[in-house]
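As a plain string of letters, each chain reads:
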Amino acid sequence: MTGAFLAIVGRDLRLAFRRGGDTGSVVAFFVITVTLFPFGVGPEPNLIARIAPGVLWVAALLAATLSLDRLFRADHEDGSLDLLALSPLPLEVLVLAKTLAHWLATGVPLLVATPLLALLLNLPLQGWGVLLAALALGTPSLSLLGAIGAALTLGVRRGGVLVALLVLPLAVPVLIFGVAAVDAALMGLPATTPLMALGGLLLAALVLAPWAAAAGVRLSLES
Amino acid sequence: MTGAFLAIVGRDLRLAFRRGGDTGSVVAFFVITVTLFPFGVGPEPNLIARIAPGVLWVAALLAATLSLDRLFRADHEDGSLDLLALSPLPLEVLVLAKTLAHWLATGVPLLVATPLLALLLNLPLQGWGVLLAALALGTPSLSLLGAIGAALTLGVRRGGVLVALLVLPLAVPVLIFGVAAVDAALMGLPATTPLMALGGLLLAALVLAPWAAAAGVRLSLES
Amino acid sequence: MVEGLACVRSERELFRDLSFRLGSGAALVLRGPNGAGKSSLLRVLAGLLPAAGGRVLWDGVDTTDRPGTFHRALCYVGHQDALKPTMTVAENLGFWAGLGGGGEVAPALRALGLAALASLPTGILSAGQRRRLNLARLVAAPSRLWLLDEPTVTLDSGALDRLTDLVRRHRDGGGIVVAATHADWNIGACDRLDLGAGP
Amino acid sequence: MVEGLACVRSERELFRDLSFRLGSGAALVLRGPNGAGKSSLLRVLAGLLPAAGGRVLWDGVDTTDRPGTFHRALCYVGHQDALKPTMTVAENLGFWAGLGGGGEVAPALRALGLAALASLPTGILSAGQRRRLNLARLVAAPSRLWLLDEPTVTLDSGALDRLTDLVRRHRDGGGIVVAATHADWNIGACDRLDLGAGP
Amino acid sequence: MSWWHRLASPTRFMSYSAWVLPIAGWLAAGCIGVGLALGLFASPADYQQGETVRIMYVHVPAAWMALFCYSAMAASSAGYLIWKQPLAELATRATAPVGACFTAIALVSGSLWGQPMWGTWWVWDARLTSALVLFFLYLGYMALAEAFDDPTRGGKAASILALVGFVNVPIVKFSVDWWNTLHQPASVVKLDGPAIDPAMLVPLLLMAAGFTFYAVAVVILRLRAMVLERKIQALQRQLAEAR
Ligand code: HEM
Ligand SMILES: Nc1ncnc2c1ncn2[C@@H]1O[C@H](COP(=O)(O)OP(=O)(O)OP(=O)(O)O)[C@@H](O)[C@H]1O
Ligand SMILES: Nc1ncnc2c1ncn2[C@@H]1O[C@H](COP(=O)(O)OP(=O)(O)OP(=O)(O)O)[C@@H](O)[C@H]1O
Ligand SMILES: [Mg+2]
Ligand SMILES: [Mg+2]
């Protein structure tokens, strides 16, 4: 079972990193969205630094959600999902494997790109550590919640942005605590409470998401 | 020729408005992205009003760009693009028809949703007219520029967010003048210059985009 | 008419110096093992794939010079369906027929035995039903040259007979057919083109 | 063994009270016009589609009770390819073989005549080559029950012979085959199941 | 068959719902009528807020109903997913637009109230935003349920979403306690009894009861329509097949 689990993670990672895969475009989307903001709100450094945590978090959330649409869709369209469902692995474990691969292929690169963007947005240095910690705790939750949306919209033709409508409301608590953690750090307060809340959300998502997403995948096989 | 042009516009509109189509989800994405920002930057009404034009423009840009990914991709994947290319219509006209349908199906609904969001973000009333005018001039340019990106990434497997990477830099001028127009109106200045610049950009896009996008489509047929 | 046609895909030459001429009522069946280049040849003929050498003439004119006229005379049925799952059967066919300057939908559906399904969403059709719908374009938008890529695939014997019949009548009316197939498909007297061994 | 199986799709009953039993070495060929429900029956047998009534037993156990064991004994080849265009031929097959607890890739590719293509990206294969690659799973991950949905489609005669041969040897080794097809495909003595008229 | 399955069989449902529907409808009309009359004319103006306090008699019950309807949807979704009870799925579907409307009413009346009270139509505080998110959840549910060609599959997918989205309900409810916000904390439903003048409490509770009866009536009406619609479709199909 571990073998099959790792095989799926490996395959998805390979597909993501290969030419035209997800990783490159997710990071590009993240970077571009963030850099658009200074154009949108004007060049005042103070204002930009003030909204920096929010902008970073929203951009990360959008980048993760949008790339999630393909988490199961590509496999559904070419028939791979049928075969994956017929493998001896339970669907819940399959969902976990694919979500883990998604996070490794998109969440981690986002983390790597964040310091650069924090610099661009003049985020004060004392916020960086907490920002990274919060993203590290929050992005897996986003991947898991996104997996629910991606699975539930599978049967829908051209589900596309519908995923966003389903996932973003669920992701709002992650956003709130993520920003709260950074804001606390910027004001010199301890950020433990919001970080612990993020951890709690991650645990809840770990319990809930595989079940809900597996149910969605099972439903999609019927067509 | 007009008949074929209208037939394509009609078909794409029908697909977009139908259940699971683009229109609903694009508007939902727009609304949700905008509402996420206040979570990110905190509830201060002044700050939110200050960044409102930028947030609205960036969200509109993202919503338009992301839905553009499917402009040609769906037709490419199911072989429709082959047949469309074999119709007596020149490819440039085909591109225009599909882009027009895209704008009617997503750009116009965005315009309709904008006043509500402007209200939520406390945008002062004197900015509304110019905001709508600027969006009305800017979103067709976004659709046209997006068509270029969508066509060029067709050959690439899983282009997805790659479109965003190509289009967003091209769209930055639209963003800048669009925000400038609203800012001018908010400061009580006349917004004619940025609005005229937006009009100029639209003309340039109208000339450039069909040609470039048709070349991209032609390239994609070879695979 | 085809003159000295050549095709290169992923830097491998599939065929070279291919020349043939098809008069009205003629039929050409393409044969050859998997990967020989049948589908590629059909795409080159349609003008979807640029030829690496040679040219395709239609009524004596190079097809790349006047694509519009050629496209009006042409109907291509490829491996792919070109069907939108959310539109109904009649809507799908109606769109393609209208674009090809074609006629009515109902007789075409009847000709392929799809009349009962006209108002169903295309997404729920079975493989063979989708294939039939794709072939119904031949009837709905009449054209002189038919390019068919393995048209018989997934068809049941009834549908196969209908298709054979259509091809016969098309040729009797002066139409031209180029078809790739692996099955022994009897469409009457026809030329055969064997493309060399696959890779 | 199958007991009183029924299937309803888009609220139309495709079949009802279907019962049959396949011993080791048996083969069942599904026939019927387009839309009769052959593909649907195969998906119900595989457990991809829930049955509207009845049950599927494997070694005497309901397959929905112990899906893991059943899945290990099963290989399903559907209409779709399940191939990733950016991965190479060997990588694609290797992944599915590994997941099915299977063996080596090279002999399987050789068995379907794909050895020369092993390191090419799957995206550039022709229709028949993709089909062959999909069928190579049967060799790479041996399993007792084969469910084949129109496996012969787009195969050239050489590949068809290889497949027929594979099916013969599989049955000689005690394997079971259920296949849907429209072609006259001679796989030796076998049961035939005719599904009623389509819609 | 358990009593629950028998109760929920479509024919049974059609017969008893024909009784319940008019009762609920009249009760709703009565409660809302009396509640409005008491609230608008008989109750005192607030010493702080003046006459604007009367928006409360719409706002607060609507906000309660928004939460209540979503909870009911989550419960019936669970009923559907666990006991495979088709009527439960229909009930979830029937409730969604009603709940969405109540949420919209709470949002609109709240922002109408906010203009005189806080000087702005909208602030991004925790209560208001989480109510907005609740509205989006309703929309997401409805979009998903309608997005499938096959209604039973749409129903299943949307039921899963409704269950998952239930986590937002406690967030809306307790947001005022967890974050300090502009919005009023709970003053009626509290452990140590309501902290509100009975002259205001009575019309408020009457309105709440009226809204609940109204919701029950509309849901039953929609359910009956859905059951009949499916019956018609089945008959049409039989007719088509007989031909
Ligand atoms: C758009 C703006 C608003 C929204 C979305 C909103 C939302 C809500 C919600 C969801 C509840 C139910 C909470 C519960 O059951 O515990 C509620 C209750 C209430 N709201 Fe609002 N509200 C808004 C504006 C206002 C304003 C401006 C006021 C008055 C200053 C107000 C006063 C109240 C009161 C008194 C309650 C009852 C609290 C209780 O006793 O439980 N709301 N609101
Ligand atoms: N996803 C679906 N939803 C609803 N109905 C479907 C779906 N897929 C297929 N059907 C219907 O079920 C019937 C049987 O389809 P199926 O694919 O099993 O036929 P088949 O026997 O395999 O036909 P073919 O020979 O054309 O492949 C068809 O009439 C089809 O319209
Ligand atoms: N997009 C592509 N890019 C590069 N090479 C390709 C592409 N498509 C096909 N090829 C190669 O061209 C060759 C011929 O392919 P083609 O599809 O024309 O074969 P075919 O004769 O139609 O085979 P089949 O009977 O299997 O359909 C194959 O070897 C294939 O690998
Ligand atoms: Mg081919
Ligand atoms: Mg089939």
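Throughout this description, residue numbers start from 1 for each chain and increase along the sequence as written. Chain letters start at A and ligand numbers start at 1, both assigned in the order the entries are written. Two thresholds apply to this predicted model, a pLDDT of at least 70 for residue-level local features and 80 or more for giving and counting side-chain atom pairs, whereas whole-chain, interface and lining totals are computed over all residues. No hydrogens and no water enter the side-chain calculation; it runs on all heavy atoms of the structure.

The subject of this paragraph is the overall build of chain A. When its secondary structure is counted, chain A shows 9 helices and 0 strands. Taken over the C-alpha trace, chain A has a radius of gyration of 18 Å; the compact-globule value for 223 residues is 17 Å, and the two agree within 12%. Its C-alpha atoms give chain A principal-axis dimensions of roughly 55 × 35 × 30 Å. Per-residue accessibility, obtained with a 1.4 Å probe over protein chains only, is compared with the maximum for each type, and a residue is labelled buried under 20%, exposed over 50%, and partly exposed between these values. In chain A, which comprises 223 residues, the proportion classed as buried is 68%. When the accessible surface of chain A is summed, it comes to about 7,000 Å², and 73% of that surface belongs to carbon and sulfur atoms. Measuring between centres, the 11 positive side-chain charges of chain A sit 5 Å from its 11 negative side-chain charges. A run of H or I in DSSP counts as a helix once it spans at least four residues, and a run of E counts as a strand once it spans at least two, with each numbered from the N terminus. Each radius of gyration reported is based on C-alpha atoms, and the globular scaling rule is 2.2 Å times the count of residues to the power 0.38. Each accessible area is a Shrake-Rupley result for a 1.4 Å probe, and residues are judged covered by the shown protein chains and nothing else. Charge assignment in this entry is limited to Lys and Arg as positive and Asp and Glu as negative, and neither His nor the chain termini are counted. Note on charges: their place is set at NZ of Lys, CZ of Arg, CG of Asp or CD of Glu.

For chain C, the count of helices and strands is 6 helices and 9 strands. Relative to its length of 199 residues, chain C is compact, with a C-alpha radius of gyration of 17 Å against a globular reference of 16 Å. For the C-alpha atoms alone, the extent of chain C along its principal axes is close to 45 × 35 × 35 Å. Whether two residues are in contact is decided by their heavy atoms: any pair within 4.5 Å suffices. Taking as baseline every contact in chain C between residues at least 6 positions apart, the subset at least 24 positions apart corresponds to 70%. Accessible surface, chain C: about 8,000 Å² in total, of which carbon and sulfur atoms supply 48%. With 22 positive and 19 negative side-chain charges, chain C shows a separation of 2 Å between the mean positions of the two kinds.

This part is about the interface of chain B and chain A. Listed per partner, the contact involves 41 residues of chain B and 41 residues of chain A. In total, chain B and chain A occlude about 3,600 Å² of area from one another, counting both sides; carbon and sulfur atoms represent 74% of this. A pairing counts as a salt bridge when a side-chain nitrogen of Lys or Arg comes within 4 Å of a carboxyl oxygen of Asp or Glu. At the boundary of chain B with chain A, the tally comes to 1 salt bridge. In this structure, Glu44 of chain A engages Arg50 of chain B in a salt bridge whose closest nitrogen and oxygen atoms are separated by 3.2 Å. Those elements giving two or more residues to the side of chain B that touches chain A turn out to be helix 1 (2-17), helix 2 (22-41), helix 3 (45-68), helix 4 (70-77) and helix 8 (162-186) of chain B. Broken down by element, the residue count for the side of chain B that touches chain A peaks at 11 residues, all from helix 2 of chain B. In the side of chain B that touches chain A, the residues fall into 27 nonpolar, 7 polar and 7 charged. As a working definition, buried area equals the accessible area (1.4 Å probe) given up by two parts on being put together, with both sides summed. Residues are grouped as follows: Ala, Val, Leu, Ile, Met, Phe, Trp, Tyr, Cys and Pro are nonpolar; Asp, Glu, Lys and Arg are charged; all remaining types, including Gly, are polar.

All names here are of chain D. Residues of strand 6 (residues 74-77) alternate between two faces, with Leu74 and Tyr76 on one and Cys75 and Val77 on the opposite face, all of them buried. Whether two strands pair depends on DSSP finding at least two bridges between them. Inspection of the sheet shows strand 6 paired to strand 7 (residues 145-149) by 4 bridges, in the parallel sense. Paired with Val77 across the strands is Leu148, a residue of strand 7.

This part covers the confidence of the model for chain C. Each residue carries a pLDDT score, the predictor's confidence in it, ranging from 0 to 100. The predicted model of chain C averages 85 in pLDDT, with 92% of residues at 70 or higher. Of the two predicted TM-score estimates for the complex, the pTM is 0.84 and the ipTM is 0.81.

In this structure, Phe30 and Trp57 of chain A, Phe30, Leu36 and Trp57 of chain B together with Leu144 of chain E are the most contacted members of the largest nonpolar core, which totals 183 residues. When residues no more than four places from it in sequence are discounted, the contact partners of Phe30 of chain B are Leu56, Ala59, Ala60, Ala63, Leu110, Ala113, Thr114 and Leu117 of chain B. Grouped together as the second largest cluster of nonpolar side chains are 61 residues, Leu84, Leu89, Leu154 and Ala213 of chain A included. To define a nonpolar core, start from buried Ala, Val, Leu, Ile, Met, Phe, Trp, Tyr and Cys residues and group those joined through side-chain atoms within 4.5 Å.

A few words now on the environment of Lys173 of chain E. All names here are of chain E. Relative to the elements of secondary structure, Lys173 occurs in helix 7 (residues 168-178). By relative accessible area, Lys173 is classed as partly exposed at 28%. Expressed as a C-alpha distance, the spacing of Lys173 and Leu67, which sit 106 residues apart in the sequence, is 7.9 Å. Excluding residues within four positions of it along the chain, Lys173 makes contact with Leu67 and Arg127.

Residue and element names in this part refer to chain B. Under the 1.5 Å per step criterion, the end-to-end length of helix 6 (residues 91-120) is 42 Å for 30 residues, consistent within 8% with the ideal 44 Å. Note that the bend at a residue is defined as the angle between axes fitted to the seven residues ending at it and the seven residues starting at it. Of all the bends in helix 6, the greatest, near 35 degrees, is centred on Thr114, and the proline Pro115 appears no more than four residues after it. Following helix 6 by one or two positions, Asn122 has its phi on the positive side, about 60 degrees. Expected helix span is given by 1.5 Å per residue-to-residue step, counting one fewer step than there are residues.

Let us now look at the interface of chain C and chain D. Put simply, an interface is often sized by how much accessible area is lost when its parts join up. The interface of chain C with chain D comprises 21 residues on the first partner and 21 residues on the second. Approximately 1,400 Å² of surface area, both sides summed, lies buried where chain C meets chain D, with 58% of it carried by carbon and sulfur atoms. Our enumeration of links across chain C and chain D arrives at 0 salt bridges. Side-chain atoms alone can form a polar contact between residues adjacent in sequence; in general such a contact is a pair of N or O atoms within 3.5 Å, and within protein one must be able to donate a hydrogen while the other accepts it. Applying the counting rule to chain C against chain D returns 10 residue pairs in polar contact (both at pLDDT 80 or more).

Turning next to helix 9 (residues 192-221) of chain B. Within an α-helix, residues lying three or four positions from one another point in the same direction, as the helix has 3.6 residues per turn. The end-to-end C-alpha separation of helix 9 of chain B is 43 Å, in line with the 44 Å expected for 30 residues at 1.5 Å each. In the structure, helix 9 of chain B departs most strongly from a straight axis at Leu208 of chain B, where the bend amounts to approximately 30 degrees and where the proline Pro210 of chain B lies between one and four residues downstream.

All names here are of chain E. Remark: helix 3 (residues 56-83) packs on helix 4 (residues 86-118), axes separated minimally by 7 Å, with the N-to-C direction vectors making an angle of 155 degrees. Comparing their axes, helix 4 and helix 3 come out roughly antiparallel. In this structure, helix 3 crosses over helix 4, and the sense of that crossing is left-handed. Of the residues assigned to the contact of helix 3 with helix 4, the class counts are 17 nonpolar, 10 polar and 1 charged. In this analysis, axes come from line fits to C-alpha atoms, helices being fitted only over the stretch in contact, and the angle between any two N-to-C directions falls in the range 0 to 180 degrees. Oblique is the label for every angle not falling under 35 degrees (roughly parallel), over 145 degrees (roughly antiparallel), or within 65 to 115 degrees (roughly perpendicular). The sense of a crossing depends on the near helix, which, turned anticlockwise from the far helix by less than a right angle, makes the crossing left-handed and, turned clockwise, makes it right-handed.

Bringing the sheet that holds strand 7 of chain D into the picture now. Residue and element names in this part refer to chain D. Read across the sheet, 5 strands follow the order 6-7-8-3-9 without closing on themselves; strand pairing throughout is parallel. Two strands lie at the open edges of the sheet, namely strand 6 and strand 9 (191-194), each paired on one side alone. With strand direction ignored, the average angle separating the axes of adjacent strands in the sheet is 15 degrees. Pairing of strand 3 (residues 27-31) with strand 8 (residues 176-180) involves 4 bridges; the strand directions are parallel. When the sheet's bridge partners are listed, Leu30 is paired in strand 8 with Ala180. Together, strand 6 and strand 7 form the strand contacts of helix 5 (residues 127-140), whose direction differs from that of strand 6 by roughly 170 degrees.

This part is about the site of ligand 3. Nearness here has a simple test: a residue counts as near a molecule or strand if at least one of its heavy atoms is within 4 Å of that partner. The local shell around ligand 3 holds 21 residues, among which Lys38, Ser39 and Ser40 of chain C together with Ser126 and Gly128 of chain D are the closest. Bordering ligand 3 are residues originating from chains B, C and D. In this structure, Lys38 of chain C approaches ligand 3 through a main-chain N or O atom, which is 2.7 Å from an oxygen atom. Ile124 of chain D is positioned with one of its backbone polar atoms (N or O) 2.7 Å from an oxygen atom of ligand 3. Contact with the protein chains covers 91% of the free accessible surface of ligand 3, which is 640 Å². Every element with two or more residues in the shell around ligand 3 is listed here: strand 2 (12-20) and helix 1 (38-46) of chain C together with helix 5 of chain D. Looking at the shell around ligand 3 residue by residue, the classes come out as 5 nonpolar, 12 polar and 4 charged.

Okay, the packing of helix 1 of chain B against helix 6 of chain B next. Residues and elements named next belong to chain B. Orientation of helix 1 relative to helix 6, taken along the N-to-C sense of each, is 35 degrees, at an axis distance of 9 Å. Once helix 1 is placed against helix 6, the crossing between them reads as right-handed. Counted together, Phe5, Ile8, Val9, Arg11, Asp12, Leu13, Ala16 and Phe17 of helix 1 and Val93, Leu94, Leu96, Ala97, Lys98, Leu100, Ala101, Leu104 and Ala105 of helix 6 form the full contact between these two elements. Looking at the contact of helix 1 with helix 6, its residues break down into 14 nonpolar, no polar and 3 charged.

Turning next to a nonpolar patch on the surface. Residues qualify for a patch when their relative accessible area is over 30% and they have no salt bridge, like charges being joined within 9 Å and the nonpolar side chains of Val, Leu, Ile, Met, Phe, Trp and Tyr within 5 Å. The grouping of Leu116 and Leu119 of chain B together with Val108, Leu112 and Trp121 of chain E at the surface amounts to a nonpolar patch, some 460 Å² of accessible area in total. Of all the elements in the fold, those that place two or more residues in the nonpolar patch are helix 6 of chain B together with helix 4 of chain E. With respect to the secondary-structure elements, Trp121 of chain E resides in the loop between helix 4 and helix 5 (126-147). Judged by its relative accessible area of 37%, Trp121 of chain E falls in the partly exposed class.

On to the coordination of the magnesium ion (ligand 5), then. For a metal with four tetrahedral donors the ideal donor-metal-donor angle is 109.5 degrees, whereas six octahedral donors ideally subtend 90 or 180 degrees. Residues and elements named next belong to chain D. Sites may look incomplete, because water is not among the atoms used; the donor set itself consists of N, O and S atoms within 2.8 Å of the metal (3.2 Å for Na, K and Ca). Looking at the metal site, the magnesium ion (ligand 5) is ligated by Ser39 (OG) and His79 (NE2), spaced 1.9 to 2.7 Å from it. Here Ser39 is found in helix 1 (residues 38-46), whereas its partner His79 is found in the loop between strand 6 and helix 3 (89-99), with 40 residues between them in sequence. Look at Ser39 and you get partly exposed, because its relative accessible area is 23%. Under the relative-accessibility criterion, His79 is labelled partly exposed at 33%.

We now examine the relation of the copies chain B and chain A. The fit set for superposing copies consists of C-alpha atoms from residues with pLDDT of at least 70 in both; the fit itself is least squares. Overlaying chain B with chain A gives an RMSD of 0.1 Å, the required rotation being 180 degrees about an axis along which the chain moves by 0.0 Å. Both chain copies can therefore be described as sitting about a two-fold axis. When the interface residues of chain B are mapped onto chain A, 100% of them again fall at the interface, so both copies present the same face.

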